Amino acid sequence: MIIVTGAAGQLGGDVCRILKEKNIHHRGIDKKDVDITSASAVDDFFADTDFDVLIHCAAYTAVDKAEEEKELCFAINAKGTENLAKVCRDKNAAIIYISTDYVFSGEGEKPFETDDEKCPLSVYGKSKTEGEKAVTELCEKYFIVRTSWVFGEQNRNFIATMLRLSQTRNEVSVVCDQVGSPTYSNDLALLLTEMAQTEKYGIYHATNEGFCSWYELAVKVFGYKNIKMKVTPVTSEEYITSARRPKNSRLSKKSLTENGFSLLPPWEDAVERYLDIK
Ligand SMILES: NC(=O)c1ccc[n+]([C@@H]2O[C@H](COP(=O)([O-])OP(=O)(O)OC[C@H]3O[C@@H](n4cnc5c(N)ncnc54)[C@H](OP(=O)(O)O)[C@@H]3O)[C@@H](O)[C@H]2O)c1
């Protein structure tokens, strides 16, 4: 049996849908079932539930708000992950922990390898790094899957924001000096369900293929949807946010191919499939 945390979230929702489509026995859980920050609640919840793999998609994901809510962010992403990692260890189950490009400094222009030094710039990035540490220290059967710039059905993502803005504005400024890979949660979820059925444990990077800036992504969205919008490129220094974000979010996907997993489709293709159903 597979447990999916964050089942009401963007990625967890897609993972559950795909497991259902594949007829794989699973249970999706969210905050209403168990608050992962409470060790005793987690232990009680899993006392009578056995499982083989836990796909851990639950997280505190409000990157800017995290700068003010550091304690809550760490309670969910670090302590919450530790609580779940302990249960997986005790039940001899595998854990798939979803992590992020924000564990890296974003310096340079080369894609980050899975074993590159971690140097998070934000509270969120630091909390996810702590989550990784808990998983590697407590578990033997683990996958750490770092992804980036996720978009999915739930309208809590950059593309959905651009579409929303286009209803009230005809001009928008978008950051052009942060480069990474947009990732369709549906494509990532397919890979995660495939991984869950293997024992190819390790650290992976998984995003749609190719790189672009947020500016290029916005231009692609408006162009594909034939929306008339003036998009002005701005630098990170001009577009101030509470949390610092990496300028280079390129992730090397070597570990996927080396372990026989297929690369995800190009980001342009993923964005078009997403926009076709929007
Ligand atoms: N979104 C991105 O661009 C992105 C990029 C890189 C990596 N990631 C990682 O990908 C994973 C999935 O992200 P996502 O976009 O699907 O996130 P999401 O939509 O924000 O979903 C996270 C889920 O976790 C739940 N949750 C929060 N606190 C909890 C708690 N204390 N106990 C139990 N459940 C709790 C949330 O419930 P509530 O909504 O009720 O709080 C929500 O359903 C996360 O690990 C994230 O760090 C995301």
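Rules used throughout
- Residues numbered from 1 in each chain as written.
- Predicted model: local features only at pLDDT ≥ 70, side-chain atom pairs only at ≥ 80, totals over all residues.
- Heavy atoms only, no water.
- Helix = DSSP H or I, 4+ residues; strand = E, 2+ residues; numbered from the N terminus.
- Contact = heavy atoms within 4.5 Å.
- Pairing = 2+ DSSP bridges.
- Axes fitted to C-alpha atoms, helices over the stretch in contact; angles between N-to-C directions.
- Core = buried A, V, L, I, M, F, W, Y, C linked by side-chain atoms within 4.5 Å.
- Buried < 20%, exposed > 50% of the residue type's maximum accessible area, 1.4 Å probe, protein only.
- Near = heavy atom within 4 Å.
- Areas by Shrake-Rupley, 256 points an atom, 1.4 Å probe, with all protein chains shown as cover.
- Nonpolar A, V, L, I, M, F, W, Y, C, P; charged D, E, K, R; others polar.
- Disulfide = S-S within 2.5 Å.
- Arc of directions from axis to C-beta.
- Phe/Tyr/Trp six-rings, centres within 6.5 Å; stacked < 30°, edge-to-face > 60°.
- Right-handed = clockwise from strand over helix to strand, strands pointing away.
- Parallel < 35°, antiparallel > 145°, perpendicular 65-115°, else oblique.
- Left-handed = near helix turned anticlockwise from the far one by under 90°.

1. Digging into the environment of Y201
Inference 1: Relative to the helices and strands, Y201 is located in the loop between helix 6 (185–195) and strand 10 (202–205).
Inference 2: Each C-alpha atom, one on Y201 and one on A160, is 34 Å from the other, the two residues being 41 residues apart in sequence.
Inference 3: In this structure Y201 touches A94, K141, Y142 and F143, once residues within four positions along its chain are discounted.

2. Some words on the sheet that holds strand 1 (residues 2–5)
Inference 1: The six strands lie next to each other as 2-1-3-4-5-10, forming an open sheet whose pairing is parallel. With partners counted over all chains shown, the strands left at the sheet margins are strand 2 (26–29) and strand 10, one partner each. Across this sheet, the average inter-strand angle for adjacent strands is 15 degrees, counted without regard to direction.
Inference 2: Inspection of the sheet shows strand 1 paired to strand 3 (residues 53–56) by four bridges, in the parallel sense. From the neighbouring strand, T5 faces strand 3, where its bridge partner is H56.
Inference 3: Helix 6 contacts strand 3, strand 4 (94–100), strand 5 (142–147) and strand 10 of the sheet and is inclined by roughly 170 degrees relative to strand 5.

3. Some words on the nonpolar core
Inference 1: Counting 30 residues, the largest nonpolar core has V42, F46, F51, L54 and I95 as the members making the most contacts within it.
Inference 2: Mapped by element, the contributors of at least two residues to this core are helix 2 (39–46), helix 3 (70–90), strand 4, helix 4 (123–138) and strand 5.
Inference 3: Per-element accounting of this core gives the leading share, six residues, to helix 3.
Inference 4: With near-sequence residues (within four places) excluded, V42 lies in contact with V34, D35, I36, N83, L84 and V87.

4. Regarding the site of the ligand
Inference 1: Close to the ligand lie 26 residues, the nearest being L11, K31, T61, Y124 and K128.
Inference 2: Protein coverage of the free-state accessible area of the ligand, which is 910 Å², stands at 85%.
Inference 3: Breaking the shell around the ligand down by element, the ones donating at least two residues are helix 1 (10–21), strand 4 and helix 4.
Inference 4: By residue class, the composition of the shell around the ligand is twelve nonpolar, nine polar and five charged.

5. Observations regarding the state of the cysteines
Inference 1: Scanning the entire structure with this criterion turns up zero disulfides.
Inference 2: Looking at the unpaired C176, the closest cysteine sulfur is the one in C212, lying at 12 Å.
Inference 3: When its relative accessible area of 29% is taken as the criterion, C176 is described as partly exposed.

6. Description of helix 9 (residues 267–276)
Inference 1: The set of residues buried in helix 9 consists of W267, A270, V271, Y274 and L275. The buried residues of helix 9 occupy one face: seen down the axis, they fall within an arc of 130 degrees.
Inference 2: Elements that come into contact with the buried residues of helix 9 comprise strand 6 (150–151), helix 5 (158–165), strand 9 (183–184), helix 6, strand 11 (212–213) and helix 7 (214–224).

7. Describing the packing of aromatic side chains
Inference 1: For the coordinates displayed, the defined rule picks out twelve aromatic pairs.
Inference 2: A centroid spacing of 5.8 Å and a plane angle of 85 degrees characterise the contact between Y102 and Y124, whose relative ring orientation is edge-to-face. In this pair, Y102 is assigned in the loop between strand 4 and helix 4 and Y124 in helix 4, connecting sequence segments 22 residues apart.
Inference 3: By relative accessible area, which is 10% here, Y102 ends up buried.

8. As for the pairing of strand 4
Inference 1: Burial of strand 4 is extensive: seven of the seven residues sit out of reach of the surface.
Inference 2: Covered by surrounding structure in strand 4 are A94, I96, I98 and T100 together with I95, Y97 and S99, the residues of both alternating faces.
Inference 3: Pairing of strand 3 with strand 4, which is carried by four bridges, proceeds in the parallel orientation. What sits directly across from L54, in strand 4, is I95.
Inference 4: In terms of handedness, the path from strand 3 via helix 3 over to strand 4 forms a crossover that is right-handed.
Inference 5: Across six bridges, the pairing between strand 4 and strand 5 is parallel. Of the residues in strand 5, the one forming a bridge with T100 is T147.
Inference 6: Handedness of the β-α-β unit built from strand 4, helix 4 and strand 5 comes out right-handed.

9. Focus on the environment of V42
Inference 1: Position of V42 among the secondary structure elements: in helix 2.
Inference 2: Take V42: its relative accessible area is 0%, and that puts it in the buried class.
Inference 3: Along the backbone, V42 and E153 are 111 residues apart, and their C-alpha atoms lie at a distance of 28 Å.

10. Some remarks on the packing of helix 7 against helix 9
The relative placement of two packed helices is expressed as an angle between their axes plus a distance between the axes.
Inference 1: Helix 9 packs onto helix 7 with a crossing angle of 45 degrees between their chain directions and a minimal axis gap of 11 Å. In terms of axis orientation, helix 7 runs oblique to helix 9. Helix 7 and helix 9 meet at a crossing whose hand is right-handed. Where helix 7 approaches helix 9, its residues E216, L217, K220, V221 and Y224 are matched on the opposing element by W267, E268, V271, E272, L275 and D276.
Inference 2: Across the contact of helix 7 with helix 9, the residue classes break down as six nonpolar, no polar and five charged.

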